[in-house]
Amino acid sequence: MKPLTEREIRGAFVNCTKGEAKRLSVPRDLADRPWGDLDFLGWRDPQAPDRAYLVMPSGESHIGIQLRSSGAGARQARRSMCSMCVTVHTGGVSLLVAPKPGKAGQQGNSVGAYMCTDLACSLYVRGKKDAGVGGRLRESLTLEQQIERTMTNLAAFISNVTA
């Protein structure tokens, strides 16, 4: 993924108002992110732990969505699998819910998925971040195929949010 600017990040969000996008907490360490190993940018809001955001490439631009978690999933110590990157964590997977854009979102319609709580799927797939014993299952897929699967799953989730 190419490095993004704060302006590009804020302009990518589709399921919040321009005012909300302007106020959201963008990571301060953008220059230090491992952009070459990222397929999408995902982060948690340090001021509001129940909020998360992700931005992924979409054609010539990017698409961003805001997410919410109940916080309950992070406290549970059971093993769960991320539905995006297929990494197994003990207590490291959360149900993240994205409101739909526009009137549907205002009426409370949303889409949820179980994802890595830290949204570091790209790093887990590449082995750059360790999910612990049994975190990455042995697969016959190549690294490129695993990355493609993760991005296909993420694109399908975002498509459900924006549909």
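Here the structure is shown first, and the text comes after it.
Everything numeric here is computed off the predicted structure, so don't read it as measured data. (Residues numbered from 1 in each chain as written. Predicted model: local features only at pLDDT ≥ 70, side-chain atom pairs only at ≥ 80, totals over all residues. Heavy atoms only, no water.)

Asks: Outline the sheet that holds strand β2 (residues 48-58), supporting the account with residue identities and numerical values.
Replies: Taking strand neighbours across the sheet as the criterion, the five strands line up as β1-β2-β3-β6-β7 in an open arrangement whose pairing is antiparallel. The open sheet has two edge strands with one neighbour each: β1 (41-45) and β7 (110-116). Sheet twist, expressed as the average angle between the axes of neighbouring strands with direction ignored, equals 30 degrees. Relative to strand β6 (residues 93-99), strand β3 (residues 61-69) is paired through two bridges, and the arrangement is antiparallel. Residue pairing for β6: R68 is matched across the bridge by V97. (Pairing = 2+ DSSP bridges. Helix = DSSP H or I, 4+ residues; strand = E, 2+ residues; numbered from the N terminus. Axes fitted to C-alpha atoms, helices over the stretch in contact; angles between N-to-C directions.)

Asks: Describe the nonpolar core, with residues and values.
Replies: Grouped together as the largest cluster of nonpolar side chains are 43 residues, with contacts concentrated most on I9, F13, L54, M115 and F157. Contributions of two or more residues to this core are made by β1, β2, β3, β6, β7, α5 (121-125) and α6 (143-162). Of the residues forming this core, the biggest block, six residues, is contributed by α6. Not counting residues within four places of it along the chain, the set of residues in contact with L54 comprises F13, F40, L41, G42, I63, G64, I65, L67, M115, L119, L154 and I158. (Core = buried A, V, L, I, M, F, W, Y, C linked by side-chain atoms within 4.5 Å. Buried < 20%, exposed > 50% of the residue type's maximum accessible area, 1.4 Å probe, protein only. Contact = heavy atoms within 4.5 Å.)

Asks: With reference to specific residues and values, describe the environment of E8.
Replies: Inspection of the secondary structure puts E8 in helix α1 (residues 6-11). Along the backbone, E8 and S61 are 53 residues apart, and their C-alpha atoms lie at a distance of 8.7 Å. Look past the residues within four positions of E8 in its chain and what remains in contact with it is K2 and P3. A distance of 3.0 Å separates a polar atom in the side chain of E8 from a polar atom in the side chain of K2. (Polar contact = N/O pair within 3.5 Å; in protein donor to acceptor, adjacent residues only side chain to side chain.)

Asks: Go over the side chain of N15 with me, naming the residues and quoting the values.
Replies: The residue N15 is located in the loop between α1 and α2 (18-23) in this model. A relative accessible area of 6% means that N15 is categorised as buried. From its side chain, N15 meets the backbone nitrogen of Q66 in a polar contact 2.9 Å long. Side-chain polar atoms of N15 contact the backbone oxygen of P99, separated by 2.9 Å.

Asks: A description of the pattern of salt bridges should follow, citing residues and the corresponding values.
Replies: For the coordinates displayed, the defined rule picks out nine salt bridges. R68 is paired through a salt bridge with D50; the nearest N and O atoms lie 3.3 Å apart. Separated by 18 residues along the polypeptide, R68 in strand β3 and D50 in strand β2 bring together distant segments of the chain. For E139, the salt bridge identified is with R149, shortest N-O distance 2.6 Å. Placement of E139 in the loop between α5 and α6 and of R149 in helix α6 is noted, with a sequence separation of 10 residues between them. Overall, E139 belongs to the partly exposed group, its relative accessible area being 28%. (Salt bridge = Lys/Arg side-chain N within 4 Å of Asp/Glu carboxyl O.)

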